Amino acid sequence: MKKRKKNRSSGAPTPFLLCMRGAILACILTAVLVLVFAFLLKWGVLQPDSIRAVNTVIKAISAGLAGYLSARAISGGRSWLYGALSGGLYMTLAYVVFSILEREFHIGLIFLSDLLLGMVCGGGVGVIYSLIKNMRAEA
């Protein structure tokens, strides 16, 4: 007996592609926020001492956006998982892009901590979105 391949006649993207889409959109947001931050530094609104803190805030906001986009696009009870996956994909993709721009690629503890931050922010936003969605459905 021959095994049949599953036919995806609906044309719906897979959850991984939806998570990747969220990660790419979050990278675009990161580029915009970094550009705004660079102008704020140039105009003297912010001090150079704030670079690390603002960089972490930008990463957390973008990972949360990636988690929100994937949790919103994927129906089901695993929005925290897809949010965490999307946040992790965002951090990996952003790290690769900025490493290419800096022409230096090094995987160390900083990358692992950024990856964990992205997964926690994306998963947390996925959980919050799921809770809000369930509360609206019950009301």
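Residues numbered from 1 in each chain as written. Predicted model: local features only at pLDDT ≥ 70, side-chain atom pairs only at ≥ 80, totals over all residues. Heavy atoms only, no water.

### A short note on the packing of helix α2 (residues 51–73) against helix α4 (residues 109–138)
At a closest axis distance of 7 Å, the pairing of α2 and α4 adopts a crossing angle of 45 degrees. The angle between α2 and α4 places the two elements in the oblique class. In terms of crossing hand, the pair formed by α2 and α4 is right-handed. Each of Thr-56, Lys-59, Ala-60, Ala-63, Gly-64, Gly-67, Tyr-68, Ala-71 and Arg-72 in α2 lies in contact with α4, whose residues at this interface are Asp-114, Leu-117, Gly-118, Cys-121, Gly-122, Val-125, Gly-126 and Tyr-129. Looking at the contact of α2 with α4 residue by residue, the classes come out as eight nonpolar, six polar and three charged. (Axes fitted to C-alpha atoms, helices over the stretch in contact; angles between N-to-C directions. Helix = DSSP H or I, 4+ residues; strand = E, 2+ residues; numbered from the N terminus. Parallel < 35°, antiparallel > 145°, perpendicular 65-115°, else oblique. Left-handed = near helix turned anticlockwise from the far one by under 90°. Contact = heavy atoms within 4.5 Å. Nonpolar A, V, L, I, M, F, W, Y, C, P; charged D, E, K, R; others polar.)

### Considerations on the pattern of salt bridges
Per the counting criterion, the structure on display carries one salt bridge. For the salt bridge of Asp-114 with Lys-59, the shortest nitrogen-to-oxygen distance reads 2.7 Å. Pair noted here: Asp-114 is in helix α4 and Lys-59 is in helix α2, with a separation of 55 residues, a long-range link. Judged by its relative accessible area of 13%, Asp-114 is buried. (Salt bridge = Lys/Arg side-chain N within 4 Å of Asp/Glu carboxyl O. Buried < 20%, exposed > 50% of the residue type's maximum accessible area, 1.4 Å probe, protein only.)

### Points about the side chain of Ser-70
Mapping Ser-70 onto the fold places it in helix α2. By relative accessible area, which is 0% here, Ser-70 ends up buried. Of note is the side chain of Ser-70, whose polar atom sits 3.2 Å from the backbone oxygen of Tyr-82. Excluding residues that lie within four positions of it along the chain, Ser-70 makes contacts with Leu-18, Cys-19, Tyr-82, Gly-83 and Ser-86. (Polar contact = N/O pair within 3.5 Å; in protein donor to acceptor, adjacent residues only side chain to side chain.)

### A few points about the packing of α2 against helix α3 (residues 79–102)
For any two helices packed against each other, one specifies the inter-axial angle together with the distance between the axes. Two elements in contact, α2 and α3, have axes whose closest approach is 8 Å; the angle formed by their N-to-C orientations is 135 degrees. The angle between α2 and α3 places the two elements in the oblique class. Regarding α2 and α3, the two cross each other, and that crossing is right-handed. Across the interface between the two elements, Ile-58, Lys-59, Ser-62, Ala-63, Ala-66, Gly-67, Ser-70 and Ala-71 from α2 touch Ser-79, Tyr-82, Gly-83, Ser-86, Gly-87, Tyr-90 and Met-91 from α3. Taken together, the residues that form the contact of α2 with α3 break down as seven nonpolar, seven polar and one charged.

### Quick word on the packing of aromatic side chains
As enumerated under the stated definition, the model contains four aromatic pairs in all. With a centroid separation of 5.5 Å and an interplanar angle of 85 degrees, the aromatic rings of Tyr-68 and Tyr-129 are classed as edge-to-face. One end of the pair, Tyr-68, is in helix α2; the other, Tyr-129, is in helix α4, with 61 residues separating them in the sequence. (Phe/Tyr/Trp six-rings, centres within 6.5 Å; stacked < 30°, edge-to-face > 60°.)

### Some remarks on the nonpolar core
Counting 14 residues, the largest nonpolar core has Cys-19, Ile-74 and Tyr-90 as its most contacted members. Those elements that provide at least two residues to this core are α1 (15–42), α2 and α3. (Core = buried A, V, L, I, M, F, W, Y, C linked by side-chain atoms within 4.5 Å.)

Fair warning: the whole summary comes from geometry, so function is off the table for now.
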